Amino acid sequence: MGMKRATTFAAAAVAVVLAASACGPSDYKASDTTQPAGAAAEAAAPAAAGGPGNQPGGQLAASTTEQLGPVLTDSAGLTLYRFDKDTAKPPKSNCEGDCAKTWPVVAAGDVTAAAGMDPSLLGEVVRSDGTKQLTVAGWPAYRFNKDAKPGDLKGQGVGGVWFAFGPDGKKAAKGAPAEAAPAPAASAAPEEAAPAQAADGLSVAKDPKLGEHIVDGRGMTVYRFKKDSAWPMVSNCVGDCVAKWPVVPPVDKANAKGITEKNYLVLDRPDGKKQQTVDCWPVYTFSGDKKPGDTNGQGVGGTWYAVSPDGKLITVQ
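Numbering of residues starts from 1 in each chain and follows the order in which that chain's sequence is written. Reporting of local features is limited, given that this is a predicted model, to residues whose pLDDT is at least 70; pairs of side-chain atoms are given and counted only at 80 or more, and all residues count toward the totals for whole chains, interfaces and linings. To obtain the side-chain values, all non-hydrogen atoms of the structure were used and water was disregarded.

Asker: Please provide a residue-by-residue account of the overall build of the protein chain, values included.
Answerer: Looking only at helices and strands, the protein chain has four helices and 20 strands in total. Residue exposure (1.4 Å probe, protein chains only): buried if accessible area is under 20% of the type maximum, exposed if over 50%, otherwise partly exposed. Expressed as a percentage of its 317 residues, the buried residues of the protein chain come to 48%. By the convention used here, residues are in contact when the closest approach between their heavy atoms is within 4.5 Å. Relative to all contacts within the protein chain whose residues are 6 or more apart in sequence, the contacts with residues 24 or more apart total 71%. For the area figures, the Shrake-Rupley method with a 1.4 Å probe applies, and any residue is considered shielded solely by the protein chains shown. Per element, the accessible surface of the protein chain, about 14,300 Å² overall, is 56% carbon and sulfur. Counting from the N terminus, the helices are the DSSP runs of H or I reaching at least four residues and the strands are the DSSP runs of E reaching at least two.

The structure is reproduced here in structure tokens:
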């Protein structure tokens, strides 16, 4: 279970209109994913695992709310809850059957601690059906099926037994100390090797697991967001999401080595930023990648993946 620091994430579904009309629906009938040779079987497993709502937590975040102060959220910005009828010592879930339909469990898996959070608080418990569930300070973690968007807290206080997690694993309560700010840039600076490429370039790197994938001019892995679309050309990563997944600024074709030139366009975002696209798909980097070669964003939340040279998702985990 990987434990890394990260900035607050809140994904919001906001449409960004198409700046150029070169992308058309006929271009996107074929599969939009690719895998390195021999990786197809490995990549298929995560797609089949779990149902809606039972996904791993991905990159956790401490999101400040008006009602409760800092609360723990998953990579999609959805609130995580604990159940008073469970136990933390030893960890045990007492939410089964219909309860687990209303309160989907947060599956244990590749999870990253929120910024300022003690990674040792994260663990897992084996449920009665043999599946593994994320725990925070020993308490099993859940989502609420009526929380439809980032920031919703509809599960808070339900039945007097369901409460949002604070970043310390306790029940969230206003007045609790705010979580630490994201790590200062100075802490990451020594790790960043001086790349040979210009900062505004794109090229292709080869990873033992991902195969050939796009990197920016600093050698940092480039990602796509599954909630975006190429037709119409739309970015659904805005606000806090963009702070965590910075957009790749426009890159001249002369500085894009080995990248497909088909529909290599620039997207005008409503926040005023201009974003490079590859085959009409908006592309990003990940704030959790600290040095060239890092791929910490791969598979986060089941929605973020590295990009092949032709703009397709590389879904291998």
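Asker: Could you give an account of the sheet that holds strand β19 (residues 304-307), naming the residues involved and the relevant values?
Answerer: For two strands to count as paired, DSSP must find a minimum of two bridges between them. If you walk across this open sheet you meet the four strands as β1-β20-β19-β13, and the pairing is mixed. Sheet topology places β1 (33-34) and β13 (223-225) at the edges, where each strand pairs with a single neighbour. Summarising the sheet, β13 and β19 pair through three bridges and their orientation is antiparallel. Residue pairing in the sheet places Arg224 in a bridge with Tyr305 of β19.

Asker: Describe the sheet that holds strand β18 (residues 281-282), and please don't skip the residues or the numbers.
Answerer: Taking strand neighbours across the sheet as the criterion, the three strands line up as β16-β17-β18 in an open arrangement whose pairing is antiparallel. Where the open sheet ends on each side, the last strands, each with one partner, are β16 (266-268) and β18. Summarising the sheet, strand β17 (residues 274-278) and β18 pair through two bridges and their orientation is antiparallel. Among the inter-strand pairings, Thr277 is bridged to a residue of β18, identified as Pro282.

Asker: Before we move on, could you go through the state of the cysteines and cite the residues and values that matter?
Answerer: Note on terminology: disulfide describes a covalent bond linking the sulfur atoms of two cysteines. To count as a disulfide, a pair of cysteine sulfur atoms needs to be within 2.5 Å. If you walk through the whole model with that rule in mind, you get two disulfides. Between the sulfur atoms of Cys95 and its disulfide partner Cys99 the distance amounts to 1.9 Å. On the S-S bond that ties Cys95 to Cys99, the torsion sits near -110°, and the link is left-handed. With a relative accessible area of 24%, Cys99 lands in the partly exposed category. Bridging Cys237 to Cys241, the disulfide has an S-S length of 1.9 Å. The chirality of the disulfide connecting Cys237 with Cys241 is left-handed, given an S-S dihedral of about -110°. As far as burial versus exposure is concerned, Cys237 and Cys241 are alike and both buried.

Asker: Quick one: what's the story with the confidence of the model for the protein chain, residue by residue and with numbers?
Answerer: Close inspection of predicted coordinates is inappropriate in any region flagged by low pLDDT. Per-residue confidence from the predictor is reported as pLDDT, which spans 0 to 100. In this model, the protein chain carries a mean pLDDT of 80, and residues with pLDDT of at least 70 account for 76%. The secondary-structure element of the protein chain with the lowest mean pLDDT is helix α3 (residues 185-188), recorded at 34, while strand β9 (residues 139-140) shows the highest, at 97. In this model residues 38-52 is a low-confidence stretch, pLDDT under 50, and it forms eleven contacts with partners more than four residues away in sequence or in other chains.

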